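# Structural overview
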Amino acid sequence: MNEDSNLQSNGRTGQQAQLRAALALSLVPGVGPRIQTLLLQRFCSAAAVLDQSIQSLQTVEGVGPGIARTIAERDWLQAADQILQECELCHAGILLKLNPAFPQRLREIIDCPSLLYHRGNIAAQDELAIGIVGSRRCTMYGRKQAERLAGALARAGFTIISGLARGIDAAAHRGALNAGGRTIAVLATGVRDIYPPEHTELAADIAANGAVISEMPVSQKAKPGLFPQRNRIISGMSLGIIVIEAARNSGALYTARHALEQGREVFAVPGNVDSVASEGCHELIRDGVTLIRNADDVLAELGPLPIPSNRSPEVTIHNPRELVLNALESEVLNLITSDPIHMDQILRATQLDPSRVLATLTVLEMRRFIRRQPGGMFVRHD
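Everything quoted here is computed from the prediction, not taken from an experiment. (Residues numbered from 1 in each chain as written. Predicted model: local features only at pLDDT ≥ 70, side-chain atom pairs only at ≥ 80, totals over all residues. Heavy atoms only, no water.)

### A look at the nonpolar core
The cut-off we apply is this: Think of a nonpolar core as a cluster: buried Ala, Val, Leu, Ile, Met, Phe, Trp, Tyr and Cys residues, connected wherever their side-chain atoms sit within 4.5 Å. Buried residues are those whose accessible area, probed at 1.4 Å on protein chains only, stays under 20% of the maximum for their type, while exposed residues exceed 50% and partly exposed ones sit between those limits. Contact definition: two residues touch when any of their heavy atoms are within 4.5 Å.
Formed by 47 residues in total, the largest nonpolar core has its most connected members in Leu 39, Ile 71, Tyr 117 and Val 212. If near-sequence neighbours (up to four positions away) are discounted, Val 212 is found in contact with Tyr 117, His 118, Arg 119, Ala 185, Leu 187, Val 191, Ile 194, Ala 203, Ile 206 and Ala 207. One finds Leu 95, Ile 122, Ala 211 and Val 289 within the second-largest nonpolar core, a separate group that totals 29 residues.

Quick look at the structure:
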């Protein structure tokens, strides 16, 4: 085996050890996202945390004797090995928070999960995502609005995120799939046994056109307290949350509160003024949340969208359609604004070969991203 092969093998071994240790730490009862963050800041790695004594662990804020003993007195690595075997059997992957592919927006929230289990794949384009949530006991009106909005936003280039629950969630997922778009389901249970069970086929379709994800181990069963907890992930991965048919006590309102705390946009679809199913939406609108009627209202409110830092920090997306552009096309397009700019100015503003710039301008014009004006001027398309 040559030196390069040895380096690659060592790298894979190191990554597997890191995954194993991070998974082991995530399994410890009482060690949530906040305490995990403090432990990692103190000891630098999950493996180092697991090697600490009870006394050393108690030097970390929030780690009392009980949690310290729980970490130190059980072989959590053995438990992690069992989880890894379960993942392999059900074809689930694990994405660590430290992995560059981990959702950038989710990484920025205070109580970010340390890892995500997934079936399907999380893609870079999923950074431009909208969450759609609402009542499980929705009316036909609510279901139609969820499917309509999800479909329109998916066609505009957004990934639709929801919770795979009955009612509005399922309608939003189906609307995105029917439009040929991407969608992500965030589960409160493990990704192996789908809840509710009647959505098993829907979950398979979602995994084939996006991802089914959870912070819970793959075999985790449904528990009431886990559903509000997962809502912070739906909002954390999204640019904004659309609430459709939420009653006053609806769990969708928890997602809206998480979104507001995380600095995300919150939108609400109105129902009939006397609709009990929409009372929560109407209260959100009364309290200042943006009322929306269609996808255009959402796009207008979001405005230009900067691509997160783990992709291209100097590029701003004015329309989700721009996500389909390659790096060269994006670079040239971002030199053009709503104010006319001459071709010579475009050529001077880039180090690219002039012939490639001219060819790219033609492509962008044909695809209706820009308009050519008299005198060699270009502007962004309306």
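### Concerning the sheet that holds strand 5 (residues 183-186)
Rule in force here: Note: two strands are recorded as paired if DSSP finds a minimum of 2 bridges between them. Secondary structure elements are defined from DSSP: runs of H or I of at least 4 residues count as helices, runs of E of at least 2 residues count as strands, and each element is numbered from the N terminus. Geometry is summarised by axes, namely lines fitted to C-alpha atoms with helices restricted to the contacting stretch, and by angles between N-to-C directions that run from 0 to 180 degrees.
Taken in spatial order, the 9 strands line up as 1-2-6-5-4-3-7-8-9 in an open sheet, and their pairing is mixed. Among the strands making up the open sheet, the edge pair consists of strand 1 (93-96) and strand 9 (290-291). Here strand 8 (residues 265-269) runs beside strand 9; their pairing, made up of 2 bridges, is parallel. Paired with Ala 268 across the two strands is Leu 291, which belongs to strand 9. The sheet strands contacting helix 9 (residues 168-178) are strand 3 (129-134), strand 4 (159-162), strand 5 and strand 7 (240-244), and the helix crosses strand 3 at an angle near 145 degrees. Lying on the sheet, helix 13 (residues 279-286) is in contact with strand 7, strand 8 and strand 9; it crosses strand 8 at an angle near 130 degrees.

### Section: helix 11 (residues 226-236)
When you tally the buried positions in helix 11, you get 9 out of 11 residues, the bulk of the element. If you check which residues of helix 11 are buried, you get Leu 226, Phe 227, Arg 230, Asn 231, Arg 232, Ile 233, Ile 234, Ser 235 and Gly 236.

### Comments concerning the packing of aromatic side chains
Put simply, the rule is: Pairing of aromatic rings covers Phe, Tyr and Trp, the last counted by its six-membered ring, and requires centre-to-centre distances within 6.5 Å; plane angles under 30 degrees mean stacked, over 60 mean edge-to-face, and any other angle means tilted. The criterion is that NZ of a Lys, or CZ of an Arg, lies within 6 Å of the ring centre and within 35 degrees of the ring normal, and then a charge sits over that ring.
Summed over the entire model, instances satisfying the criterion amount to 1 aromatic pair. Sitting over the face of the ring of Trp 76, Arg 74 holds its NZ or CZ atom 4.2 Å from the ring centroid. The ring centre of Tyr 254 lies 5.3 Å from the NZ or CZ of Arg 257, which sits over that ring.

### Quick word on the sheet that holds strand 13 (residues 370-373)
What the 3 strands build is an open sheet, ordered 12-14-13; its pairing is antiparallel. Here the strands that pair on one side only, and so sit at the sheet edges, are strand 12 (341-342) and strand 13. Pairing analysis gives 2 bridges linking strand 12 to strand 14 (residues 377-380), with the strands arranged antiparallel. When the sheet's bridge partners are listed, His 342 is paired in strand 14 with Met 377. Where helix 17 (residues 354-366) meets the sheet, it contacts strand 13 and strand 14, and its direction lies at approximately 110 degrees from that of strand 13.

### Describing the packing of helix 11 against helix 12 (residues 252-261)
Put simply, the rule is: Working definition: roughly parallel below 35 degrees, roughly antiparallel above 145 degrees, roughly perpendicular at 65 to 115 degrees, and oblique for all remaining angles. Left-handed describes a crossing whose near helix is turned anticlockwise from the far helix by less than a right angle; the clockwise case is right-handed. Amino acids are sorted into nonpolar (Ala, Val, Leu, Ile, Met, Phe, Trp, Tyr, Cys and Pro), charged (Asp, Glu, Lys and Arg) and polar (every other residue, Gly among them).
At a minimum axis separation of 8 Å, helix 11 and helix 12 run at an interaxial angle of 50 degrees. With respect to their mutual orientation, helix 11 and helix 12 come out oblique. In terms of crossing hand, the pair formed by helix 11 and helix 12 is right-handed. Within the contact between the two elements, helix 11 uses Pro 228, Asn 231, Arg 232, Ile 234 and Ser 235 and helix 12 uses Tyr 254, Thr 255, His 258 and Ala 259. Split by residue class, the contact of helix 11 with helix 12 holds 4 nonpolar, 4 polar and 1 charged.

### Quick word on the pattern of salt bridges
To keep it simple, the criterion reads: Here, a salt bridge means any side-chain nitrogen of Lys or Arg that lies within 4 Å of a carboxyl oxygen of Asp or Glu.
Counted according to the given criterion, the structure contains 13 salt bridges. With its nearest N and O atoms 2.5 Å apart, the salt bridge here joins Glu 198 to Arg 166. Linking Glu 198 in the loop between strand 5 and helix 10 (200-208) with Arg 166 in the loop between strand 4 and helix 9, this pair joins segments that are 32 residues apart in sequence. For Arg 166, a relative accessible area of 35% translates into the label partly exposed. The closest approach of N and O atoms between Arg 372 and Glu 365, which form a salt bridge, is 3.0 Å. Residue classification places Arg 372 among the partly exposed positions, given a relative accessible area of 40%. The structure contains a network of salt bridges with shared partners spanning Asp 111, Glu 215 and Arg 232.

### A closer look at unusual backbone geometry
Here Tyr 195 and Pro 196 are connected by a cis peptide whose omega angle stands at 0 degrees. Among the secondary structure elements, Pro 196 is positioned in the loop between strand 5 and helix 10. Phi angles above zero are rare outside glycine, and Leu 164 is one such case at about 65 degrees. The backbone of Arg 368 sits at a positive phi, close to 65 degrees, despite the residue not being glycine. Note on placement: Arg 368 falls in the loop between helix 17 and strand 13.

### As for the confidence of the model for the protein chain
For clarity, the cut-off: On a scale of 0 to 100, pLDDT captures the predictor's confidence in every residue.
On average, residues of the protein chain score 88 in pLDDT, and 91% of them are at 70 or above. Summarising per-element confidence for the protein chain, the mean pLDDT is lowest in strand 10 (residues 305-306) (64) and highest in strand 5 (98). Low pLDDT, under 50, characterises residues 3-11; the stretch is placed with 1 contact to residues that sit more than four places away or in other chains. Contacts of residues 309-313 to residues separated by more than four positions or lying in other chains number 11 contacts, the stretch itself having pLDDT below 50.

### Some thoughts on the side chain of Ser 330
Residue placement: Ser 330 occurs in helix 15 (residues 327-333). Not counting the four nearest positions on each side in its chain, Ser 330 is found in contact with Glu 322 and Leu 325.

### A look at the environment of Ser 235
As for its position among the elements, Ser 235 is in helix 11. Residue Ser 235 is classed as buried on the basis of its relative accessible area of 0%. Remark: the alpha-carbon pair of Ser 235 and His 258, spanning 23 residues in sequence, is separated by 6.5 Å.

### Details of helix 17
Stated precisely, the cut-off is as follows: By this rule, a helix spans an expected 1.5 Å times one less than how many residues it contains. It is the directions from the helix axis to the C-beta atoms whose arc is reported.
Between the first and last C-alpha of helix 17 there are 19 Å, a value that for 13 residues agrees with the 18 Å anticipated at 1.5 Å per step. Those residues of helix 17 lying buried are Val 357, Thr 360, Leu 361 and Leu 364. Looking straight down helix 17, one finds that the buried residues subtend no more than 105 degrees of arc, so they occupy a single side. Looking at the buried side of helix 17, the elements it contacts are helix 15, helix 16 (343-348), strand 13 and strand 14. A positive backbone phi angle near 65 degrees is found at Arg 368, which sits one or two residues after helix 17.

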